[in-house]
Amino acid sequence: EPEVTQTPSHQVTQMGQEVILRCVPISNHLYFYWYRQILGQKVEFLVSFYNNEISEKSEIFDDQFSVERPDGSNFTLKIRSTKLEDSAMYFCASSGWIYEQYFGPGTRLTVT
Amino acid sequence: DQQVKQNSPSLSVQEGRISILNCDYTNSMFDYFLWYKKYPAEGPTFLISISSIKDKNEDGRFTVFLNKSAKHLSLHIVPSQPGDSAVYFCAASRDGGTSYGKLTFGQGTILTVHP
């Protein structure tokens, strides 16, 4: 069964460093998403991406964040200058049509 | 953001019995609802969904009921199995014309099914 994959599973970085989280969505899907879950809190929407551009983003997704689909199979989330409060599980998701999204296993980002 | 609420942090059920997980929402613009199951150290797994034009959707042991007037939905699992023990998230989405599938999640309910 096709699945969304994410790498790395755990990333430790120092405050102020740039990180890139990588995702490989399900191959025939058209819509791509990033969510995050801070420990003990809800899963929160960050950004949606369709037709090679951002279609919607949350207030969390400020200028420090960017997304890219560099080669037609990968989907990346970049955080330019990490802060302590960026520590969270980051989930990539994809869908073939808008509503039913399939999630990857997540990347645990720890900012020290 | 309290637009989707799951008021029961946990639920404990005996194997073979029915599990009922509840979810309330406040945004009347939501028109599609989903349930996800999540095990520790894994991503949410899609279980079942329902459009606002329906009041019930069934898939095997899982049934979702939607009461639009009450802004309430529930997930029924019958019969419950120990492997169903996980965190269950309710999520909602708005009309695709104005929202590209952004999901708003509830806080989750921890279901424990005892053998």
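Provided above is the structure to which this section pertains.
Residues numbered from 1 in each chain as written. Chains lettered and ligands numbered in written order. Predicted model: local features only at pLDDT ≥ 70, side-chain atom pairs only at ≥ 80, totals over all residues. Heavy atoms only, no water.

A.B. asks: What is the right way to look at the interface of chain B and chain A in this model?
C.D. replies: For an interface, size is often stated in terms of accessible area lost upon the parts coming together. Tallying the contact residues gives 27 residues for chain B and 21 residues for chain A. Where chain B touches chain A, the interface holds 0 salt bridges. Put simply, chain B and chain A have 6 residue pairs in polar contact (both at pLDDT 80 or more) between them. Among the secondary structure elements, those contributing two or more residues to the side of chain B that touches chain A are β4 (30-38), β5 (45-51), β9 (86-94) and β10 (103-105) of chain B. Broken down by element, the residue count for the side of chain B that touches chain A peaks at 5 residues, all from β4(B). When the residues that make up the side of chain B that touches chain A are grouped by side-chain class, the tally is 11 nonpolar, 9 polar and 7 charged. (Contact = heavy atoms within 4.5 Å. Salt bridge = Lys/Arg side-chain N within 4 Å of Asp/Glu carboxyl O. Polar contact = N/O pair within 3.5 Å; in protein donor to acceptor, adjacent residues only side chain to side chain. Helix = DSSP H or I, 4+ residues; strand = E, 2+ residues; numbered from the N terminus. Nonpolar A, V, L, I, M, F, W, Y, C, P; charged D, E, K, R; others polar.)

A.B. asks: Looking at this structure, I do not really get the pattern of salt bridges. What am I missing?
C.D. replies: Think of it this way: side chains of opposite charge can pair up when their charged atoms draw near. Residue and element names in this part refer to chain A. With the rule as written, the count across this model stands at 4 salt bridges over all chains. Glu-44 is the partner of Arg-36 in a salt bridge, and the nearest nitrogen-oxygen pair spans 3.2 Å. The class of Arg-36 is buried, set by a relative accessible area of 9%. We note a salt bridge from Arg-36 to Asp-86, for which the minimum N-O separation is 3.9 Å. A residue pair is termed long-range when its members are at least 10 positions apart, and Arg-36 in strand β4 (residues 31-37) and Asp-86 in the loop between β8 (75-79) and β9 (88-95) qualify at 50 residues. Across the pair, Asp-86 and Arg-36 agree in class, each one buried. Through salt bridges with shared partners, a single ionic network connects Arg-36, Glu-44 and Asp-86. (Buried < 20%, exposed > 50% of the residue type's maximum accessible area, 1.4 Å probe, protein only.)

A.B. asks: Would you explain the pairing of β9(B) in this entry?
C.D. replies: The side chains of a regular strand alternate between the sheet's two faces. All names here are of chain B. The buried count for β9 comes to 7 of 9 residues, which makes it a mostly enclosed element. As paired elements, β4 and β9 share 8 bridges and run antiparallel to each other. Its bridge partner being in β9, Tyr-36 is matched across the sheet by Phe-89. Pairing analysis gives 3 bridges linking β9 to strand β11 (residues 109-114), with the strands arranged antiparallel. Residue Tyr-88 lies in a different strand from β11, and its bridge partner there is Thr-109. As judged from the 3 bridges shared by β9 and β10, these two strands associate in the antiparallel manner. Of the residues in β10, the one forming a bridge with Ala-92 is Thr-104. (Pairing = 2+ DSSP bridges.)

A.B. asks: Would you mind showing me how to read the packing of aromatic side chains here?
C.D. replies: Any pair of aromatic rings gets described here by the distance separating the centres and the angle formed by the planes. If you walk through the whole model with that rule in mind, you get 18 aromatic pairs over all chains. Centroid distance A:Phe49 to A:Phe75: 5.3 Å. Interplanar angle 40°. Geometry classified as tilted. Pair noted here: A:Phe49 is in strand β5 (residues 43-50) and A:Phe75 is in strand β8, with a separation of 26 residues, a long-range link. Like A:Phe75, A:Phe49 is buried. Put simply, the rings of A:Tyr33, A:Tyr35, A:Phe45, A:Phe91, A:Tyr102, A:Phe103, B:Tyr36, B:Phe46, B:Phe89 and B:Phe105 pair up and form one aromatic cluster. (Phe/Tyr/Trp six-rings, centres within 6.5 Å; stacked < 30°, edge-to-face > 60°.)

Honestly, that's just the spatial picture; any functional story needs more than this.
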